[in-house]
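# Structural characterization, general
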Amino acid sequence: MPFTHKLRAITFFISTFIFSTTFMSTVYAQINNKAEPNYSISPEPDWVSINPLANLESKDLRVPSHYHLVDRQVNVTKNKQVYQRYVYSLTDASGVSSDSDIKIRFSPSYEELRLHTINILRDGKIVNKLNRSDIQIINSEDEQDSNIYSGEVDALVLLKDVQVGDIIDYSFTLIGDNPVFDNKFAYASALGWGVGVDAVNVNVITPASMPIQTQVYGSKQTITETQHDTKNGQVKHFNITTLNAPAVDDADSVPSWYRDTPYVAFSQYKNWQQVNNWAQDLFKIETKQSSELINFIAELQQLPTIDAINKAIDFVQNDIRYLGLEIGENSHQPHTPSDVYAKRFGDCKDKSLLLSTLLSALDVKADILLVSTRKKQKLNDYLPSHKQFNHVINRIHWQNKTYWIDPTITHQAYHLEAKYQPNYKLALIANAPSSELIDANPSFNYSAAVSVNDDIRAIDYVSPAEWTITSVMTGSEADYIRYKLNSTGKDKLSKQYMNYYAKRYPKIQATQPLEAIDNSETNTITLIERYLIPDYWEHDETGGAEFDLLANYVEQYIPSPKTIIRKHPLKLSYPIKAEHTVTLQLPEDIDFGVDVGTDVFEDEHLYFSSSFDYDRRKLTFSNTLDMRKPYVENNQIADYLTLIKKISNTMQYTNSITNVANEASKKPMFTLVDTLNKISKGTK
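Here the structure is a predicted model, which means the values were calculated and not measured.

This part takes up the overall build of the protein chain. Assigned secondary structure in the protein chain consists of 11 helices and 37 strands. Looking at the protein chain alone, contacts between residues at least 24 apart form 75% of all its contacts between residues at least 6 apart.

Here you go:
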């Protein structure tokens, strides 16, 4: 998997860039000039074991498509060759609509595609649908929205005259491997998918002299290993076959590291040290720096060291735009720091190498680390190989402290000491010798906190109430709001907030612009909103006035899954502390002492308290959340859901005041409010 990761979630943000036509033309030119797609039609290779098909006419077929066979065979005795065959029945109209097109992805810079068969079986007859004139080569676009350009293409065949009941049978071989892997073999294949499969077959053929580690996960099947003499020498043959592979259950809100899909894996690497040896070669590529980069380093060296560190990190995070030209070897090998500095763009590995280069020139140790944003703490459960990583970060040592810096995160606090540090759990050093994975858990600045305070002041029971909202965010939540302020703009963000509140108070009016205070030394952002709420009070026929206090901001951090009956763990919003307090200043002193108190709901996953207090004319309603664990085990989900159901009933406090008189000042007050708002907007 290429080192290309950059998250869109609450912690990490992909910057949106508007490229000029000239710039994008340059990008596509670099992609298209690498290699012309090499594809042809040929018989199956002689080393492939053709699997016979059975029970194709069975009446017990799944809808909308029924998969009979998934066959994957790999041969690395010479060039790496990966043969694949898929056989499935189209059992209803939706299957015809979704599964009648064949799409095969490959990288022209190092792979050749050979198509063997595309057949339709209908009424016992085989119809050949493989014609070169029907093959279209199109650019793959899956990752372009994330500014990743891999140079991969899709061979697309749009099958004609496809009918319900047809059986599609197609096969192909991809020849070649990315030279960046230096002929080191690693391969993994799923043994189950979201649909059931009658037969799943995986064969791997290697030279007998090649040491191979194997792993089977989530399946009772085992790998058989045999050795054979061939004209090219002795080979080892690994096979695993699964019959009637069940569909893999799907669920929402699953931790990224959790995997219930069965798979088989093969790796030539004996240990993580061998992977480290491979990685070190990638990150030792520049012996001579450009004059521009040398000058920038000289500028940094004139500053106090901590100021230079802050400037270097900020430059790499925000001035080097995130864009990956990951064609061929550059899927894993970074571009030179001089090249990245000159072009002002790069992906995670490019940014990490540049930052390490800058800090090393300041005599600050900055390791380059390979991490997995998905596997995280489970990384050591997988076979060592170059395929286990999808992201690159830096570890900085400064004044007896360790900082874990992700160079792809934008809009962080400027000062090193205040920066939020993502937790990838485990990592492999890439630019220095290392024999094992290292602990990558930050010791500080890895969490987030939010405090929201609503202050509502009512001078009577008919005039608009004054509403001031003060929100304070720290850690990753501060990074997120800082990103929103810069990418969306304060005015647009203010309108979004106001439209959200208008669902509850349709006549709401802003009295002042949104105020944002950014303290980069503590990574704290404070937002202040000020509104008037006409009709805050709801009057009834008996002369009473009803009001409510809504303290539900914390609720967004308490996940309620769509899939309730599940075998998957449930991902939680961890680590986060959130508090929402609503204060109402009443027109008069009314005793609400009977409702004063605190309710606490807690288990090993979270702590939640809901409190109500009364002090003369002031009512205070507050909800506090502290997440204690990152996930809920599946056998604890029922108890967790019972708990959060109780919590959901505490988000709002509602009460009423009796014998409230309608004051005659209501209409003049509305007129005054409208006039003041027009004046504030510069109109008469």
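Picking up after the structure, the text goes on.
Let us now look at the nonpolar core. Most often, soluble globular proteins keep nonpolar side chains buried together rather than apart. Counting residues in each nonpolar core, the largest one holds 60 residues, and the members touching the most others are Tyr536, Trp537, Phe547 and Phe592. Residue contributions to this core peak at six residues, all from helix 10 (residues 637-648). Setting aside anything within four residues of it in sequence, one finds Phe592 in contact with Phe547, Leu586, Phe612, Tyr614, Leu619, Tyr653, Asn655 and Ile657.

Attention shifts here to the packing of aromatic side chains. One pass over the structure, following the stated rule, counts 30 aromatic pairs. Centroid distance Phe296 to Phe315: 4.7 Å. Interplanar angle 40 degrees. Geometry classified as tilted. Of this pair, Phe296 sits in helix 4 (residues 291-301) while Phe315 sits in helix 5 (residues 305-319), placing them 19 residues apart in sequence. Classification of Phe296 as buried rests on a relative accessible area of 6%. Phe315 sits in the buried class, given a relative accessible area of 7%. The residue whose ring lies beneath Lys375 is Tyr382, and the NZ or CZ to ring-centre distance is 5.1 Å. Here Lys401 stacks its cationic end above the ring of Phe444, 5.2 Å away from the centre of that ring.

If you trace the backbone, Thr357 turns up in helix 7 (residues 348-360). Judged by its relative accessible area of 16%, Thr357 is buried. Within the structure, the side chain of Thr357 is placed 2.8 Å from the backbone oxygen of Leu353, a separation counted as a polar contact. Leave out the neighbours within four places in its chain, and Thr357 touches Gln289 and Pro337.

Let us look at the packing of helix 5 against helix 7. In the contact formed by helix 5 and helix 7, the axes pass within 10 Å of each other and the chain directions differ by 160 degrees. Judged on the interaxial angle alone, helix 7 and helix 5 are roughly antiparallel. You can see that helix 5 and helix 7 cross each other, and the crossing is right-handed. Residue-level inspection shows Ile309, Ala312, Ile313, Phe315, Val316 and Gln317 of helix 5 in contact with helix 7, the latter providing Lys351, Leu354, Leu355, Leu358 and Leu359.

Relative to strand 34 (residues 606-615), strand 33 (residues 597-602) runs antiparallel, the two sharing six bridges. Bridge pairing in strand 34 links Glu602 to Tyr607. Hairpin remark: strand 33 followed by strand 34, antiparallel, with three residues in the connecting loop. One ladder, built from 10 bridges, connects strand 34 with strand 35 (residues 618-627); its direction is antiparallel. Residue pairing in the sheet places Phe608 in a bridge with Leu625 of strand 35. Counted between consecutive antiparallel strands, the loop separating strand 34 from strand 35 contains two residues, among which Arg616 sits at a positive phi close to 55 degrees.

Turning to the sheet that holds strand 22 (residues 401-405), a few remarks are in order. Strand pairing in a sheet takes place through backbone hydrogen bonds and is either antiparallel or parallel in direction. Strand order in the open sheet formed by five strands is 22-21-20-23-24, and the pairing between neighbours is antiparallel. Strands at the two margins of the open sheet, each flanked by one partner only, are strand 22 and strand 24 (438-440). The sheet shows a mean angle of 40 degrees between the axes of neighbouring strands, direction not considered. Judged from the seven bridges that link them, strand 20 (residues 365-371) and strand 21 (residues 391-398) form a sheet pairing that is antiparallel. Paired with Ala366 across the bridge in strand 21 is Ile396. The sheet strands contacting helix 7 are strand 20, strand 21 and strand 22, and the helix crosses strand 21 at an angle near 20 degrees.

The next thing to look at is the side chain of Thr581. Counting through the fold element by element, Thr581 comes out in strand 32 (residues 576-585). A polar atom in the side chain of Thr581 sits 3.5 Å from the side chain of Glu579. The residues touching Thr581, leaving out its near neighbours within four places in the chain, are Val452, Asn453, Asp454, Thr620, Phe621 and Ser622.

With respect to topology, three strands assemble into an open sheet ordered 4-9-7, the strand pairing being antiparallel. Where the open sheet ends on each side, the last strands, each with one partner, are strand 4 (101-106) and strand 7 (135-139). Ignoring which end each strand starts from, the neighbouring axes of this sheet average 25 degrees apart. Alignment of strand 7 against strand 9 (residues 153-158), held across five bridges, turns out to be antiparallel. Among the inter-strand pairings, Ile135 is bridged to a residue of strand 9, identified as Val157.

For Tyr149, the position within the fold is in strand 8 (residues 148-149). Residue Tyr149 is classed as buried on the basis of its relative accessible area, which comes to 5%. Taking C-alpha positions, Tyr149 is 9.8 Å from Asn139, a pair spaced 10 residues apart along the chain.

Bringing helix 8 (residues 476-488) into the picture now. Compared with the 18 Å implied by 1.5 Å per residue over 13 residues, the 18 Å span of helix 8 between its first and last C-alpha is a close match. When helix 8 is considered as a whole, its buried residues turn out to be Ser476, Glu477, Ala478, Asp479, Ile481, Arg482, Tyr483, Lys484 and Leu485. One or two steps after helix 8, the chain reaches Gly489, where phi turns positive at roughly 95 degrees.

Before going further, it helps to spend a moment on the packing of helix 8 against helix 9 (residues 490-502). Relative to each other, helix 8 and helix 9 sit at 110 degrees, their axes nearing to 6 Å. Viewed along their axes, helix 8 and helix 9 adopt a mutual orientation that is roughly perpendicular. Two secondary-structure elements touch here, helix 8 through Ile481, Lys484, Leu485 and Thr488 and helix 9 through Lys490, Lys492, Leu493, Gln496 and Tyr497. Taken together, the residues of the contact of helix 8 with helix 9 sort by class into four nonpolar, two polar and three charged.

The rules behind each value
Residues numbered from 1 in each chain as written. Predicted model: local features only at pLDDT ≥ 70, side-chain atom pairs only at ≥ 80, totals over all residues. Heavy atoms only, no water. Helix = DSSP H or I, 4+ residues; strand = E, 2+ residues; numbered from the N terminus. Contact = heavy atoms within 4.5 Å. Core = buried A, V, L, I, M, F, W, Y, C linked by side-chain atoms within 4.5 Å. Buried < 20%, exposed > 50% of the residue type's maximum accessible area, 1.4 Å probe, protein only. Phe/Tyr/Trp six-rings, centres within 6.5 Å; stacked < 30°, edge-to-face > 60°. Lys NZ or Arg CZ within 6 Å of the ring centre and 35° of its normal. Polar contact = N/O pair within 3.5 Å; in protein donor to acceptor, adjacent residues only side chain to side chain. Axes fitted to C-alpha atoms, helices over the stretch in contact; angles between N-to-C directions. Parallel < 35°, antiparallel > 145°, perpendicular 65-115°, else oblique. Left-handed = near helix turned anticlockwise from the far one by under 90°. Pairing = 2+ DSSP bridges. Expected span 1.5 Å × (residues − 1). Nonpolar A, V, L, I, M, F, W, Y, C, P; charged D, E, K, R; others polar.

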